[in-house]
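What follows is each chain in one-letter form.
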Amino acid sequence: MRRYWFPKPYADRVARLRVVAGFIMVAAFAWLSSPTLTSLAVGLPVAAIGLAVRAWAAGHLEKNQQLADGGPYRFVRNPLYIGTLLAAAGFAIASCRWELALLFAVVFLTVYLPVIELEEQHLRKIFDSYAAYADRVPMLLPQIPGRPSARRFRWAVYLKNEEYQAGLGFILGAALLVWKAWRSAQF
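It should be emphasised that the depicted structure is a prediction, and the values quoted were computed from it without experimental measurement. (Residues numbered from 1 in each chain as written. Predicted model: local features only at pLDDT ≥ 70, side-chain atom pairs only at ≥ 80, totals over all residues. Heavy atoms only, no water.)

Peer 1: Please clarify how the environment of Gly-71 should be interpreted in this entry.
Peer 2: Assignment of secondary structure puts Gly-71 in the loop between α2 (37-58) and α3 (79-95). For Gly-71, a relative accessible area of 6% corresponds to the buried category. When the C-alpha positions of Gly-71 and Pro-148 are compared, they lie 8.9 Å apart, and in sequence the two are 77 residues distant. Residues contacting Gly-71, with those up to four places away along its chain left out, are Trp-56, His-60, Ser-149 and Arg-151. (Helix = DSSP H or I, 4+ residues; strand = E, 2+ residues; numbered from the N terminus. Buried < 20%, exposed > 50% of the residue type's maximum accessible area, 1.4 Å probe, protein only. Contact = heavy atoms within 4.5 Å.)

Peer 1: Is there a simple way to explain a nonpolar patch on the surface in this structure?
Peer 2: Taken together, Leu-159, Tyr-164, Leu-168 and Ile-171 make up a surface patch of nonpolar side chains, about 390 Å² in accessible area. With three residues, the single largest contributor to the nonpolar patch is helix α7 (residues 164-186). For Leu-159, the location among the structural elements is in helix α6 (residues 155-160). Classification of Leu-159 as partly exposed rests on a relative accessible area of 47%. (Patch = residues over 30% accessible without salt bridge, like charges linked within 9 Å, V, L, I, M, F, W, Y side chains within 5 Å. Areas by Shrake-Rupley, 256 points an atom, 1.4 Å probe, with all protein chains shown as cover. Salt bridge = Lys/Arg side-chain N within 4 Å of Asp/Glu carboxyl O.)

Peer 1: For this particular structure, what's the right way to read the confidence of the model for the chain?
Peer 2: The predicted coordinates ought not to be read in detail in places where the model reports low pLDDT. For the chain, per-residue confidence averages 89 on the pLDDT scale, and residues scoring 70 or more make up 96% of the total. Within the chain, no element has a lower average pLDDT than helix α1 (residues 8-32), which sits at 85, and none a higher one than α2, at 96. (pLDDT = per-residue confidence, 0-100.)

Peer 1: Would you mind showing me how to read the pattern of salt bridges here?
Peer 2: Any two side chains of opposite charge can pair if their charged atoms end up close together. Applying the stated rule across the entire model yields six salt bridges. A salt bridge links Arg-77 to Glu-120; the shortest N-O distance between them is 2.8 Å. Separated by 43 residues along the polypeptide, Arg-77 in the loop between α2 and α3 and Glu-120 in helix α4 (residues 98-126) bring together distant segments of the chain. The exposure classification of Arg-77 matches that of Glu-120, with both residues buried.

Set out below in C-alpha cells:
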C-alpha cells in the first residue's frame, strides 16, 4: 500500500481552502509587491515559462477520461503544479519581496502538496495503469523520458480545461507589477 505524507482528513480540508489561499496570495502580492525594472526583467520571463508549462500540460489533460502520459506528463506527473510553482516564483522575483516568495513556498508545501496526494489517490482508483505510470514518472522533479509519446497537444482540450484563465491572470499580474514599478519611478 502506498504511504502518503499528509493524513487524508488534513488533505481534504486544505483542498477546500485552495481557492481561498489563492485569493490571499493575490491580495498579499498586490499589497506588498515593490517591483523594479530589473526584478520585472528577471521575474516575468520565469513566470511566463511557468504559464507556458501549464498551457502545455492543459492541452494534454483529459480529466478523469484518459490517463495523461503525453507531452509534459512524460517528464513529470504534475506539470500543472510545476508550472504554477514556476509562475509563482517568477512573480515573487518580479515583486522584489522575499516575504511573497516565503508565502508562496508555505502555501505550496501546506496546501498544494496535500492536494497533489489526493489527486494521485483518485487517479489510482480510476486508472488501472496509474501505478505503473507513477513508478516510471516522478511526481515533481522532471526526468528525461525513456520513450516518446504519440499523444499531441490539442487546443480543444486546452480550452475545455479553461487554462486561458491562467493567461489572463498572468497579464493582470504583470500589468499590476509594471504599473507599480512605473508609479514608484515617478516619485
